[in-house]
Amino acid sequence: MTQNAKKFTKKGRTPARHKSGPAIAALHLLSDAEMRRIAEKIFKLSDADETEVEIGVVTDALTRFANNTIHQNVAEQVLNVTVRTVLEGCTARATTNKTDEDSLRRVVAVSKALAGSRPRNPDLLPMPGPQKYAKVSRYFENTAHATPADRARAVARVAEMAEKRQQTAAGIFTTGVTQSAIANTNGLFASHCQTRAEFSITILESDSSGWAKANAPDLDRIDPTALAQSASEKSVTSRKPGEAVPGKWTVILEPAAVLDLVGFLFYDFAGTSVADQRSCFNKRMGKRVMGENIILHDDVFHPLQSGTPFDGEGIPRQRVLLIDKGVPSNLVYARATAKKMKSKPTGHGFSLPNDYGEAPMNLVFAGGNSSVDEMVRSTGRGVLVTRLWYIREVDPYEKVLTGMTRDGTFLVQDGRVAGGIRNFRFNQSILEMLSNVELLGPAVRAAGEESFEMVVPPMKVRDFHFSEVTKF
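Keep in mind that what you see is a predicted model, and the values were worked out from it rather than measured.

Visitor: Could you clarify how one ought to interpret the overall build of the protein in this entry?
Guide: Across its full length, the protein holds twelve helices and 19 strands. In terms of C-alpha radius of gyration, the protein reaches 24 Å, essentially the compact-globule figure of 23 Å for 472 residues. Overall size of the protein, expressed as C-alpha extent along the three principal axes, is 70 × 65 × 35 Å. Going through the 472 residues of the protein one by one, you find that 54% of them count as buried. In the protein, of all internal contacts separated by at least 6 residues, the share reaching a separation of at least 24 is 73%.

Here's what the structure looks like:
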């Protein structure tokens, strides 16, 4: 155990979880009544045609480690109050981090001044009135009240394991709480509180590395030791990497790799994107463009998802079938986009004003029954990919992406992992990739580095195009 880890876990200095103490006292959550009072103060100070208030409270604590040693522990709580006013069809918003009356009066005045300087928006709709929301439960006491000592104990176990294996561990362990509320002068009020935990680790050796990451509202769903063991084993297996020839390969993509590729599709499902002719689904709606085994929903209510049950205007989110057996079937809409495109809002709009309209933020892919091990056993020759990075879009209409593999790329030979290989650069259409999926594993909540968290399965894909080999 490293010295920094020891000092956090020394007997007599470790506060018990859920007990009172400095780490717990720092957590202050606003009640709905408190948030309503802030909004009502603002409404009384505003003489705009309409006024909207958004309140956000983020409490985050982070433990960072490198070289098998904790080197940073930070925590912060940030409050933001955003006011949007409407004056004769013009709208703007302003933000403050204070709730005293003078600060609230100033933020209202700034919002009105900004609205008065903007051109009239002909598509602006009246603010919605009261709504009904389905309940989602994403607040966990164990996550909200995790202490530095809790995180340090987990990191200490990981660091000790890495040292015994003569490896170097680096990463982060973070826990926190997010509160959000929206209210307006037409009677709407919505609030949501959820927790968040994340653990990410990279295990390094002289010529290899391994990586693992998990994110969940419930801290108990994250096992740092298991993640570290997985990263460690990947680093060991990829020692002395060989070099494979670029070309079209059968690939087995672990969930993090799938996530960072398919995440680039999310805005293509926006009504605004299609209306502006910026979506890869323009002229493809209702036509099969992926394999029949591809089914995709946007579903904030899925048990592995996170997020609010309402959008940036306070409209209830709906579960939307986006891809039905390879066919793009539906889009998501904000209120103004829905009116323009003669559809119905789906509760996916962003806070106004914005240039993007809407997007699905809770993507859930249907999975299958094949494990990654089964995919490997069924492959004569292929590549197993842990994750990807430095991904960039080459062709937005064919959805061609380029990027590189990282932290665990392996040659699969005769149904087994034969060893590590140097990383590849890829150049691949995601539409083509999703047309060539041979096997799907169970869908899991995945975390990557290039996209937001979503529920995706591992995939076995044929004819994935690796364009060149890197030098590492």
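Visitor: Quick question: what am I supposed to make of the sheet that holds strand β1 (residues 50–66) here?
Guide: Sheet strands line up and pair through hydrogen bonds in the backbone, either parallel or antiparallel. Overall, antiparallel pairing links the six strands, which are arranged β3-β2-β1-β4-β5-β6 in an open sheet. With one partner strand each, in any of the chains shown, β3 (90–96) and β6 (209–216) form the two edges of the open sheet. Neighbour-to-neighbour, the strand axes of this sheet turn through a mean angle of 15°, independent of strand direction. Where strand β5 (residues 189–204) lies against β6, eight bridges are found, and the strand directions are antiparallel. Directly across from T202, in β6, lies its bridge partner W211. Sheet contacts for helix α4 (residues 101–116): β2 (69–87) and β3; angle to β3, the most-contacted strand, approximately 150°. In this fold helix α7 (residues 224–237) packs onto β4 (168–184), β5 and β6, with an angle of close to 155° to the strand it touches most, β6.

Visitor: What is the right way to read unusual backbone geometry from this model?
Guide: For residues other than glycine, phi is negative in most cases, and the peptide bonds are mostly trans. The step from L352 to P353 runs through a cis peptide bond, and the omega angle for that step is -5°. With respect to the helices and strands, P353 occurs in the loop between α10 (335–340) and β11 (363–365). Of note, Q166 is a non-glycine position whose phi angle comes to about 55°, a positive value. Looking at the secondary structure, you find Q166 in the loop between α6 (148–164) and β4. In this structure, Y390 takes a positive phi of about 55° despite not being glycine. Residue position: Y390 is located in strand β12 (residues 381–395).

Reading guide: rules and limits
- Residues numbered from 1 in each chain as written.
- Predicted model: local features only at pLDDT ≥ 70, side-chain atom pairs only at ≥ 80, totals over all residues.
- Heavy atoms only, no water.
- Helix = DSSP H or I, 4+ residues; strand = E, 2+ residues; numbered from the N terminus.
- Rg over C-alpha atoms; globule rule 2.2 N^0.38 Å.
- Buried < 20%, exposed > 50% of the residue type's maximum accessible area, 1.4 Å probe, protein only.
- Contact = heavy atoms within 4.5 Å.
- Pairing = 2+ DSSP bridges.
- Axes fitted to C-alpha atoms, helices over the stretch in contact; angles between N-to-C directions.

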